[in-house]
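Here's the letter readout for the chains.
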Amino acid sequence: MNEQEIQANKQRYLETCRQNIHRDGLERLLSYLETTDFYIAPSSASYHLNEAGGLCKHSLNVFETACSLYESVVAPALANPTTPFSENISQESIAIATLFHDLCKIKMYKPSERWAKDVSGHWYSYPSYEFQDDFPFGHGEKSCIIVGWFIPLKQEELLAIRWHMGMFEMSEVGSSTRHAFRAAMEKTPLVALLQAADMLAANCMEKVTKWK
Ligand SMILES: [Fe+2]
Ligand SMILES: [Fe+2]
């Protein structure tokens, strides 16, 4: 992503936040993001959008995917009497959950240079990222904490952000955590919506740059 694209995504991110979120603390959270690498950080070290500006772009992709999934799938399902849910989810909650779900990745990927050999045996260098977590608090858990420093979160938003890794985390945990994950899914449709939007954005929309 070039500098122009990064700046355009930053403006689009700020507008999307301000258009959809009207909660105390939003401006303080956005001011905090200015002091971090959020707008230039990658979304991952080796997978989806592993390039400068990837984290902001991914957050926008998840927001847009969640909005279209809400319109096409979730809203009609919630209007049907067979739904297990009695409460709808707000556009503001969808925006908060999606736009802030990966704030845990702030200050986590340090730019570095790596070396590899090409097919002729010549060395070449390529840009990379080294993983370094200065506040190892868990993935979704850490995002909840960071957002909570600035914005009072509703229970459904906390649950969606906390559990957004879904089944990816489940193979490593005990039965009480698996039970809590299942119970969170039953509390609000926002948990499933964020997981689905995150998975689709990361795997169907976002490129992976391979250097070797
Ligand atoms: Fe994530
Ligand atoms: Fe994500």
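Details of the structure are given in the entry above.
The rules we used
- Residues numbered from 1 in each chain as written.
- Chains lettered and ligands numbered in written order.
- Predicted model: local features only at pLDDT ≥ 70, side-chain atom pairs only at ≥ 80, totals over all residues.
- Helix = DSSP H or I, 4+ residues; strand = E, 2+ residues; numbered from the N terminus.
- Rg over C-alpha atoms; globule rule 2.2 N^0.38 Å.
- Buried ≥ 20, exposed ≤ 12 C-beta atoms within 10 Å, placed from the backbone.
- Contact = placed C-beta atoms within 7 Å.
- Core = buried A, V, L, I, M, F, W, Y, C linked by C-beta atoms within 7 Å.
- Pairing = 2+ DSSP bridges.
- Axes fitted to C-alpha atoms, helices over the stretch in contact; angles between N-to-C directions.
- Left-handed = near helix turned anticlockwise from the far one by under 90°.
- Nonpolar A, V, L, I, M, F, W, Y, C, P; charged D, E, K, R; others polar.
- Parallel < 35°, antiparallel > 145°, perpendicular 65-115°, else oblique.

**Student:** When you look at the overall build of the protein chain in this model, what are you seeing that I'm missing?
**Tutor:** In terms of helices and strands, the protein chain carries eight helices and two strands. Put simply, the protein chain runs from its N terminus to its C terminus through helices and strands in the order α-α-α-α-β-β-α-α-α-α. A compact globule built from 212 residues would reach a C-alpha radius of gyration of about 17 Å, and the protein chain, at 18 Å, matches this within 12%. Viewed in the frame of its principal axes, the protein chain has a C-alpha envelope of about 65 × 40 × 35 Å. Each of the 212 residues in the protein chain was classed as buried or not, and the buried ones make up 36%. For the protein chain, the proportion of contacts with a sequence separation of at least 24, taken over those separated by at least 6, is 70%.

**Student:** Mind showing me how you'd approach unusual backbone geometry here?
**Tutor:** Backbone phi values are negative for most residues with the exception of glycine, while trans is the configuration of most peptide bonds. Residues other than glycine seldom take positive phi values, yet L49 does so here, at roughly 50°. Judged by local crowding, L49 falls into the buried class, with 24 C-beta atoms found within 10 Å. Positive phi, close to 55°, is recorded for K107, a residue that is not glycine. Mapped onto the secondary structure, K107 falls in the loop between helix 4 (91-100) and strand 1 (109-117).

**Student:** I would appreciate a short explanation of the nonpolar core in the present structure.
**Tutor:** Across soluble globular proteins, nonpolar side chains have a tendency to be buried as a group. Core analysis: the biggest nonpolar cluster contains 42 residues, and A66, A97, V147, A160, L190, L193 and L194 have the highest contact counts within it. Of all the secondary structure elements, the ones that give two or more residues to this core are helix 1 (3-20), helix 2 (26-34), helix 3 (54-79), helix 4, helix 5 (139-148), helix 6 (155-162) and helix 8 (189-205). Those residues in contact with L193 that sit more than four places away from it in its chain are A66, L69, Y70 and V74.

**Student:** When you look at the pairing of strand 1 in this model, what are you seeing that I'm missing?
**Tutor:** Both strand 1 and strand 2 (residues 123-131) contribute to a ladder of nine bridges, which runs antiparallel. Across the sheet, the residue bridging to A116 is Y124, located in strand 2.

**Student:** Please explain the environment of E157 as it appears in this structure.
**Tutor:** Checked against the element boundaries, E157 lands in helix 6. On a C-alpha basis, the gap between E157 and G121 in space is 51 Å, while along the polypeptide they are 36 residues apart. Ignoring sequence-local partners within four residues, the contact set of E157 consists of S93, I96, A97 and L190.

**Student:** Is there a simple way to think about the environment of P136 in this case?
**Tutor:** Along the polypeptide, P136 turns up in the loop between strand 2 and helix 5. In the structure, P136 is positioned 32 residues away from C104 in sequence and 9.2 Å away in space, judged by C-alpha atoms.

**Student:** Please explain the environment of D118 as it appears in this structure.
**Tutor:** Residue position: D118 is located in the loop between strand 1 and strand 2. Classification of D118 as exposed rests on a count of 9 C-beta atoms within 10 Å. Distance in space between the C-alpha atoms of D118 and R23 is 52 Å, their sequence separation being 95 residues.

**Student:** Sorry if this is basic, but what is going on with the packing of helix 3 against helix 4 here?
**Tutor:** Two measures define how a pair of helices packs: the angle their axes make with one another and the distance between the axes. Relative to each other, helix 3 and helix 4 sit at 145°, their axes nearing to 8 Å. When the axes of helix 3 and helix 4 are compared, the crossing they make is right-handed. Note on element contacts: helix 4 touches helix 3 through I94, A95, T98 and L99, opposite S59, V62, F63, A66, C67 and Y70. The residue inventory of the contact of helix 3 with helix 4, partitioned by class, reads eight nonpolar, two polar and no charged.

**Student:** Could you clarify how one ought to interpret the packing of helix 4 against helix 8 in this entry?
**Tutor:** Where helix 4 contacts helix 8, the two axes come as close as 10 Å, and the packing angle between them is 45°. Classed by the angle they form, the pair helix 4 and helix 8 counts as oblique. Crossing handedness for the pair helix 4 and helix 8: right-handed. When helix 4 is examined against helix 8, the residues S93, A97 and T98 are found in contact with a partner set consisting of L190, L194 and A197. Of the residues in the contact of helix 4 with helix 8, the class split is four nonpolar, two polar and no charged.

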